[in-house]
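Chain and residue survey
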Amino acid sequence: MFSRKRGGPRHVRPDDAPQPAALARSMGALPERDFGPWDAAHAPEGVQRLDLGSMLIPAVEGVEVRVQAGPEGNVQQVVLVNGESALKLDAFAAPRTEGIWDEPRGELAAALKSQGADPQEIEGPWGGELLVRLQTPEGPVDLRFVGVDGPRWMLRAQFQGPAALSPDNDALLWDCLRGVVVVRDNEPRPVLEELPLRLPREMSDAAQQHAHDHPHEHVHDDPTPPDVSRRG
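Please read these numbers as outputs of a predicted model, since none were measured by experiment. (Residues numbered from 1 in each chain as written. Predicted model: local features only at pLDDT ≥ 70, side-chain atom pairs only at ≥ 80, totals over all residues. Heavy atoms only, no water.)

1. What to know about the nonpolar core
- Core analysis: the biggest nonpolar cluster contains 29 residues, and Leu-80, Leu-89, Leu-155, Phe-159 and Leu-177 have the highest contact counts within it.
- Sorting the residues of this core by element identifies β3 (55–58), β5 (75–82), β6 (85–93), β9 (139–150), β10 (153–160), α3 (162–165) and α4 (171–179) as the ones contributing at least two each.
- If near-sequence neighbours (up to four positions away) are discounted, Leu-89 is found in contact with Met-55, Ile-57, Val-78, Leu-80, Leu-155, Arg-156, Ala-157, Leu-177 and Val-180.
- Counting residues in each nonpolar core, the second largest holds 17 residues, with Ile-100, Leu-130, Phe-145 and Leu-192 among its members. (Core = buried A, V, L, I, M, F, W, Y, C linked by side-chain atoms within 4.5 Å. Buried < 20%, exposed > 50% of the residue type's maximum accessible area, 1.4 Å probe, protein only. Helix = DSSP H or I, 4+ residues; strand = E, 2+ residues; numbered from the N terminus. Contact = heavy atoms within 4.5 Å.)

Quick look at the structure:
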């Protein structure tokens, strides 16, 4: 249901390129918030989290973290599940001070409309969001796309199911999003390149055993359109 798809050409602008002071001032600083998702430099301490490399996922009782990995242990997708709701998380490289969510959100809305859907743009705690109902062979699916701009990273959250319609329907998953920590490495990366994820040792061992025991297991396709935030 959450398989990764690829879209159009990738940005090639390095996110670490130095910016003239005048340009930085004209863009302004990223908004400061007293809630997450957090940059690693400002994350609250004393919270139990699952370390996936560039993302630290808070441990919340009742929420299952499903991590799909390739044969080499490279993480391909991260999905949190609670009841009939799910939350898919992706972290991307971004400039130091410039928010980038507006552009992929517009491209995503255009892709949804091209499929006959009617995405609605709404304002949320982190800015513009997209809410849409897709018709699938299994029935209608409600989705909400949330983008969070951070220093040198952007986190995209995709809610599915009751949680997509309202935070009141699944407070646990929304609390998980507020508790995510993004760990941006020091490597220069093109804008919108996915940040690397890895399996913790115990999960890596379990994944290798599962792949050995279920070599022909099939992963269902994601009902969403091609991933416009993953360029190339």
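On we go from here.
2. Quick word on the sheet that holds β5
- Pairing in this open sheet of seven strands is antiparallel, and the strands run β4-β5-β6-β10-β9-β8-β7 from one edge to the other. The sheet is open, and its two borders are formed by β4 (64–69) and β7 (120–124), each paired with just one other strand. Neighbour-to-neighbour, the strand axes of the sheet open up by a mean angle of 25°, direction not taken into account.
- In this sheet, β10 lies alongside β6 in antiparallel orientation, the contact comprising eight bridges. Within β10, the position partnered with Ala-93 by the bridge is Trp-153. (Pairing = 2+ DSSP bridges. Axes fitted to C-alpha atoms, helices over the stretch in contact; angles between N-to-C directions.)

3. Points about the pairing of β7
- Where β7 meets strand β8 (residues 127–136), five bridges bridge the pair, whose relative direction is antiparallel. Note on β8: the bridge partner recorded for Gly-124 is Gly-127.
- Hairpin connection between β7 and β8: a loop of two residues separates the two successive antiparallel strands.

4. Remarks on unusual backbone geometry
- Cis geometry marks the peptide bond from Gly-36 to Pro-37, where omega comes out at 10°.
- Among the structural elements, Pro-37 can be located in the loop between α1 (21–27) and β1 (38–39).
- Even without being a glycine, Arg-152 presents a positive backbone phi close to 70°.
- Position of Arg-152 among the secondary structure elements: in the loop between β9 and β10.
- Unusually for a residue other than glycine, Leu-192 sits at a positive phi of about 75°.
- By relative accessible area, Leu-192 is classed as buried at 2%.

5. Digging into the sheet that holds β3
- Taken together, four strands build an open sheet; the order of strands is β1-β11-β3-β2 and the sheet is mixed. Edge positions in the open sheet fall to β1 and β2 (49–51), since each of these has one partner strand only.
- Across two bridges, β3 lies against strand β11 (residues 181–182) in antiparallel orientation. The residue of β11 that forms the bridge with Met-55 is Val-182.
- Lying over the sheet, α4 contacts β1, β2, β3 and β11, oriented at roughly 145° with respect to β3.

6. Comments concerning the pairing of β3
- Alternating residues of β3 divide into Met-55 and Ile-57 and Leu-56 and Pro-58, and every residue in both groups is buried.
- Bridging between β2 and β3 involves three bridges; their strand directions are antiparallel. Paired with Arg-49 across the two strands is Pro-58, which belongs to β3.
- As consecutive antiparallel partners, β2 and β3 are separated by three residues, and within that stretch Gly-53 has a phi angle of approximately 95°, a positive value.

7. A word on helix α2 (residues 102–114)
- Given a rise of 1.5 Å per residue, 13 residues ought to cover 18 Å, and the 19 Å separating the end C-alpha atoms of α2 matches this to within 8%.
- Three or more residues of α2 are buried, namely Pro-104, Arg-105, Leu-108, Ala-109, Ala-111 and Leu-112. For α2, the buried positions fall inside an angular range of 160° around the axis, keeping them on one side. Seen from the buried face of α2, the exposed residues on the opposite side, beyond 90 degrees, are Asp-102, Lys-113 and Ser-114.
- Considering only its buried residues, α2 is in contact with β7, β8, β9 and β10.
- Immediately downstream of α2, the backbone of Gly-116 shows phi near 90°, a positive value. (Expected span 1.5 Å × (residues − 1). Arc of directions from axis to C-beta.)

8. Points about the pattern of salt bridges
- All chains considered together, the criterion is met by 12 salt bridges.
- Residues Glu-64 and Arg-66 are paired through a salt bridge, measuring 3.3 Å at the closest nitrogen-oxygen approach.
- Relative accessible area serves as the criterion here: at 44%, Arg-66 is assigned to the partly exposed category.
- Here Lys-88 makes a salt bridge to Asp-90, at a shortest N to O gap of 2.9 Å. Pair check on accessibility: Lys-88 and Asp-90 agree, each one buried.
- In this structure, a network of salt bridges that share partners links the residues Arg-184, Asp-185, Arg-189 and Glu-193. (Salt bridge = Lys/Arg side-chain N within 4 Å of Asp/Glu carboxyl O.)

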